[in-house]
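A closer look at the structure
The residues making up each chain are set out below.
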Amino acid sequence: QVQLVESGGGLVQPGGSLRLSCVASEDISNINVMYWYRQAPGKEREFVAGITIGSNTYYADSVKGRFTISKDTSANTVYLQMNNLKTEDTALYLCQAYWGRQGVYWGQGTQVTVSS
């Protein structure tokens, strides 16, 4: 069982930046892939970014060049640095741990609102 707690969301103007954090209850160096997803009101949950056990990263096309995923295994924390935010980035951002046979786990999310 992995518990995930996200933080760092808030209200920001277009063009601004935020850094989200996801703290895991387990050693993330053992977890296959850590993901960030987001869900806007009335829309389906969508993939944002992922980082593998070997620190390979990949991104949705809509955030490439603006968002950066990283991890600190000593702190069991995954980050999402979001720059040049747009109104369409407004969503609930959720952290997911994909732990192979041990299962898939979700956090409760942190709200990001981009508005002038």
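What comes next concerns the included structure. (Residues numbered from 1 in each chain as written. Predicted model: local features only at pLDDT ≥ 70, side-chain atom pairs only at ≥ 80, totals over all residues. Heavy atoms only, no water.)

**What about the pairing of strand β8 (residues 77-82)?**
Note the cut-off: The classification of residues rests on relative accessible area computed with a 1.4 Å probe and restricted to protein chains. Under 20% of the type maximum is buried, over 50% is exposed, and intermediate values are partly exposed. To qualify as a helix, a DSSP run of H or I must reach at least 4 residues; to qualify as a strand, a run of E must reach at least 2; elements of each kind are numbered from the N terminus. Here, any two strands with at least 2 DSSP bridges between them count as paired.
In terms of burial, β8 is largely enclosed, as five of its six residues are buried. By the bridge criterion, six bridges tie strand β3 (residues 18-24) to β8 in an arrangement that is antiparallel. Residue pairing for β8: Ser21 is matched across the bridge by Tyr79. Relative to β8, strand β7 (residues 67-72) is paired through six bridges, and the arrangement is antiparallel. Following the sheet pairing, Lys71 is matched in β8 by Val78. Here β7 hands over to β8 after four residues, with Asn76 in that stretch at a positive phi of 50 degrees.

**Description of the state of the cysteines**
In protein structure, a disulfide is the covalent linkage between the sulfur atoms of two cysteines. Under the convention used in this document: By disulfide we mean two sulfur atoms from cysteines, separated by a distance within 2.5 Å.
Per the stated rule, a full pass over the model turns up one disulfide. Here Cys22 is linked by a disulfide to Cys95, with a sulfur-sulfur distance of 2.1 Å. Taking the sign of the S-S torsion, about -80 degrees here, the bridge from Cys22 to Cys95 comes out left-handed. Here Cys22 is found in strand β3, whereas its partner Cys95 is found in strand β9 (residues 91-98), with 73 residues between them in sequence.

**Notes on the nonpolar core**
What counts is decided by this rule: Nine residue types can take part in a nonpolar core, namely buried Ala, Val, Leu, Ile, Met, Phe, Trp, Tyr and Cys, and a core is a set of them joined through side-chain atoms within 4.5 Å. In this analysis, two residues are considered to be in contact whenever any of their non-hydrogen atoms come within 4.5 Å of each other.
Among the nonpolar cores identified, the biggest contains 32 residues, and Leu4, Met34, Trp36, Leu80, Met82 and Tyr93 are the most heavily contacted of them. If you list the elements that add at least two residues to this core, you get β3, β4 (33-39), β5 (46-52), β7, β8, β9 and β11 (110-114). Residues within four places of Leu80 in sequence aside, it is in contact with Leu18, Arg19, Leu20, Trp36, Val48, Ala49, Phe67, Thr68, Ile69 and Tyr93.

**Structural notes on the side chain of Thr110**
Threshold: In the analysis that follows, any N or O atom pair within 3.5 Å is treated as a polar contact, provided that within protein one partner can donate a hydrogen and the other can accept it, and provided that, for residues neighboring in sequence, both atoms belong to side chains.
You can see Thr110 is positioned in strand β11. On the accessibility criterion, Thr110 (9% relative accessible area) is buried. A distance of 3.0 Å separates a polar side-chain atom of Thr110 from the backbone nitrogen of Gly9. Apart from residues lying up to four places away in sequence, Thr110 is in contact with Glu6, Ser7, Gly8, Gly9, Leu20, Ala91, Leu92 and Tyr93.

**Observations regarding the packing of aromatic side chains**
To keep it simple, the criterion reads: Centre distance within 6.5 Å is the pairing criterion for rings of Phe, Tyr and Trp, where only the six-membered ring of Trp is used; planes under 30 degrees apart are then read as stacked, over 60 as edge-to-face, and the remainder as tilted. The criterion is that NZ of a Lys, or CZ of an Arg, lies within 6 Å of the ring centre and within 35 degrees of the ring normal, and then a charge sits over that ring.
Per the stated rule, a full pass over the model turns up six aromatic pairs. With 6.0 Å between their ring centres and 80 degrees between their planes, Tyr35 and Phe47 make a pair best called edge-to-face. With Tyr35 in strand β4 and Phe47 in strand β5, this residue pair connects regions lying 12 residues apart in the sequence. Note on Tyr35: relative accessible area 14%, which makes it buried. On the basis of relative accessibility, which here comes to 24%, the residue Phe47 falls in the partly exposed class. Members of the aromatic cluster, joined through ring pairs, are Tyr35, Tyr37, Phe47, Tyr58 and Trp106. The ring of Trp106 has Arg45 sitting right over it, with the charged end atom 4.4 Å from the ring centre.

**Things to note about unusual backbone geometry**
Even without being glycine, Asn76 reaches a positive phi, approximately 50 degrees. Within the fold, Asn76 resides in the loop between β7 and β8. For Asn84, which is not a glycine, the phi torsion comes out positive at approximately 50 degrees. Assignment of secondary structure puts Asn84 in the loop between β8 and β9.

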